[in-house]
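# Per-entry structural report
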Amino acid sequence: MSLNDTPSGERLRISFFGKRNAGKSSLVNVITNQEISVVSDTLGTTTDPVVKAMELLPLGPVLITDTPGFDDQGTLGELRVRRTRQILNKTDIAVLVTDATRAMDNSEKELTELFEKKNIPYIIAKNKCDLIASNENTSATETKTNNIAVNEIYVSATERIHIEELKELIGHLIPSSETNVRLVGDIISKNQTIVLVIPIDESAPKGRLILPQQQAIRDILESGAYAVTTRETELKDLLSNMSPKPDLVITDSQAFGQVNKDTPEDIKLTSFSILMARYKGFLDTAVMGAKTIDSLKDGDKVLICEGCTHHRQCGDIGTVKLPKWLKERTGKELVITATSGNDYPDDLSEYSLIIHCGGCMLSPREMIYRMKCAEDAGVPFTNYGVAIAYMRGILERSISVFPELLERYKK
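To keep things clear, this report deals only with the structure shown in the data block. (Residues numbered from 1 in each chain as written. Predicted model: local features only at pLDDT ≥ 70, side-chain atom pairs only at ≥ 80, totals over all residues. Heavy atoms only, no water.)

## Re the overall build of the chain
This is how it is decided: To qualify as a helix, a DSSP run of H or I must reach at least 4 residues; to qualify as a strand, a run of E must reach at least 2; elements of each kind are numbered from the N terminus. Buried, partly exposed and exposed residues are distinguished by accessible area as a fraction of the type maximum, computed with a 1.4 Å probe on protein chains only: under 20%, between the cut-offs, and over 50%, respectively. A contact between two residues is defined here by any heavy atoms of the two lying within 4.5 Å.
Within the chain, the secondary structure is distributed over 14 helices and 15 strands. Across the 411 residues that make up the chain, the buried fraction comes to 52%. Considering only residue pairs separated by 6 or more positions, the chain has 73% of its internal contacts joining residues 24 or more positions apart.

What follows is the structure, encoded as structure tokens:
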């Protein structure tokens, strides 16, 4: 990913659902003006979700997903429907593509019920309206169901009828931000100096910075503050030569122990992972979840989740370092399971703790979904940075940049 790319976790996710041969793929191709999906009269042509990152005017950077038919059948069909259900958990706006020549059936009504259950605003795009005599009721209508915006519009992918109107409807449903939370910009001020500690070791990607580091630098610059970067090996010398002292040090979580020693107590300290947890909306849960680490017992199962997929190296944090630190902290023989990407278990009840990455490549909706699944199963949920800070004995210091959270943690 280049510095000019919008990461997938920051893109609006628009997903197209419906029965086989409703015209989902044709509509996706017309809306995007690209041949993203294979189109055929054969039932079940789309066998897996097809995802395309693109700039879709007037919406900006989006992820478009074309899903398999929700009425697919057989063993493979059931797996495809399951994949389609998983897409719902990361969808910001849903488009249900139906056949305008017939009434909606039970599988389509089930989809609308799922949209409403998950609070996803949706559009019913009644495709093939060119086959309806006189094309009546082709204008868009909007209603509310359980406070969820529901829009209906007649369209035709083959004749390109009301395609621009459909795009306008999608744009109308773009979720507005409910808060002004930024990664770091809302807790710093203009002209402050922020030091970012970025280890360059065998786990660092060659020739680039990882996404949270890029985002933090950009957010600091947008705030009119000064971003100073260093490795943990040079931090001590840097701080001793800085005058005045920096206002905040942000570190990679893996270097937390050393950075804590080298950063004077009168300088605020936190980590990229902790900032990311707040940005994604689950920091409170992560902080409270970390407290349960000391309650783990022999034989307890711990799930360690990566939101993205990458090549595992000898010093991988999820499969090597975190298990090692957990054993050192607890002194217990734990059963560790590691997952990555979309492999988030449906049944979490067997686990005693879930430790998730910061979720920089996942949308806030998907991170909150994963957190709520853990809560529903009664499983404590935390993330890498919070867990590491807790095991290093410096969690209170690292969340002191959020005074209200610190007070809740102390209670």
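Here the narrative resumes.
## Digging into the sheet that holds strand 8 (residues 193-197)
Spelled out, the test is: Only strands joined by at least two bridges in the DSSP assignment are considered to pair. A fitted line through C-alpha atoms represents every axis, and for helices the fit uses only the stretch in contact; the resulting angles, taken between N-to-C directions, go from 0 to 180 degrees.
Taken together, 4 strands build an open sheet; the order of strands is 9-8-10-11 and the sheet is parallel. If you trace the sheet from one side to the other, it starts and ends with strand 9 (226-230) and strand 11 (268-271), each paired once. The mean angle between the axes of side-by-side strands here comes to 25 degrees, regardless of whether they run parallel or antiparallel. Sheet topology note: the strand 10 (residues 248-251)/strand 11 ladder contains 4 bridges and is parallel. Bridge pairing links Leu248 to Lys268 in strand 11. Lying over the sheet, helix 6 (residues 232-241) contacts strand 8 and strand 9, oriented at roughly 125 degrees with respect to strand 9. Packing against the sheet, helix 8 (residues 272-280) makes contact with strand 8, strand 10 and strand 11, and its axis sits at approximately 70 degrees to strand 11.

## A few points about the nonpolar core
Filter applied, for reference: Grouping buried Ala, Val, Leu, Ile, Met, Phe, Trp, Tyr and Cys residues that are joined through side-chain atoms within 4.5 Å yields what is termed a nonpolar core.
Core analysis: the largest hydrophobic core is formed by 74 residues, its most contacted members being Leu322, Ile354, Ile355 and Leu395. Among the elements that take part in this core, helix 12 (residues 384-391) stands out by supplying 7 residues, more than any other. When sequence neighbours within four positions are dropped, the list of residues in contact with Leu395 reads Val287, Ala290, Val386, Ala389, Tyr390 and Tyr409. Counting 25 residues, the second-largest nonpolar core is a separate cluster that includes Phe16, Val62, Val95 and Ile170.

## Quick word on helix 14 (residues 403-410)
Heads up, the rule is: It is the directions from the helix axis to the C-beta atoms whose arc is reported.
Taken residue by residue, helix 14 has Leu405, Leu406 and Tyr409 as its buried positions. Down the axis of helix 14, the sector holding all buried residues measures 100 degrees, keeping them to one side. What points out from helix 14, more than 90 degrees from its buried face, is the exposed set Pro403 and Glu404. On its buried face, helix 14 sits against helix 9 (283-290), helix 12 and helix 13 (395-398).

## Considering the packing of aromatic side chains
To describe a pair of aromatic rings, one takes the distance between the centres and the angle between the planes. To be explicit about the condition: Each Phe, Tyr or Trp ring, with Trp reduced to its six-membered ring, pairs with another whose centre is within 6.5 Å; inter-plane angles below 30 degrees give stacked pairs, above 60 give edge-to-face pairs, and intermediate values give tilted ones. Either the NZ atom of lysine or the CZ atom of arginine qualifies as a charge over a ring when it sits within 6 Å of the ring centre and within 35 degrees of the ring normal.
Evaluated as defined, the whole model comprises 3 aromatic pairs. For the pair Phe115 and Tyr122, a centre-to-centre distance of 5.0 Å together with 45 degrees between the ring planes defines the contact as tilted. Pair check on accessibility: Phe115 and Tyr122 agree, each one buried. Look at Phe282 and Phe381: their rings are 5.7 Å apart centre to centre, the planes differ by 75 degrees, and that puts the pair in the edge-to-face class. Separated by 99 residues along the polypeptide, Phe282 in the loop between helix 8 and helix 9 and Phe381 in strand 15 (residues 381-383) bring together distant segments of the chain. Taken individually, Phe282 and Phe381 each receive the classification buried, so the pair is uniform in this respect. Grouped by ring-pair contacts, the aromatic residues Phe17, Phe115 and Tyr122 constitute a single cluster. One cation-aromatic arrangement involves Lys291 over Tyr409; the distance from NZ or CZ to the ring centre is 4.7 Å.

## What to know about the sheet that holds strand 15
In a beta sheet, neighbouring strands pair by backbone hydrogen bonds and run either parallel or antiparallel. Strand order in the open sheet formed by 4 strands is 13-12-14-15, with parallel pairing between adjacent strands. Pairing within the sheet leaves two strands with one partner each, and these edge strands are strand 13 (335-340) and strand 15. Strand-to-strand twist of the sheet, defined as the mean angle between neighbouring strand axes without regard to direction, takes the value 25 degrees. In terms of strand pairing, strand 12 (residues 301-306) meets strand 14 (residues 353-356) through 4 bridges, oriented parallel. Looking at the pairing, Ile304 lines up with Ile355 of strand 14. Across the face of the sheet, helix 9 comes into contact with strand 14 and strand 15 while running at roughly 100 degrees to strand 15. Helix 11 (residues 364-376) contacts strand 12, strand 14 and strand 15 of the sheet and is inclined by roughly 140 degrees relative to strand 15.

Such coordinate-based values are descriptive only and should not be taken to indicate function.
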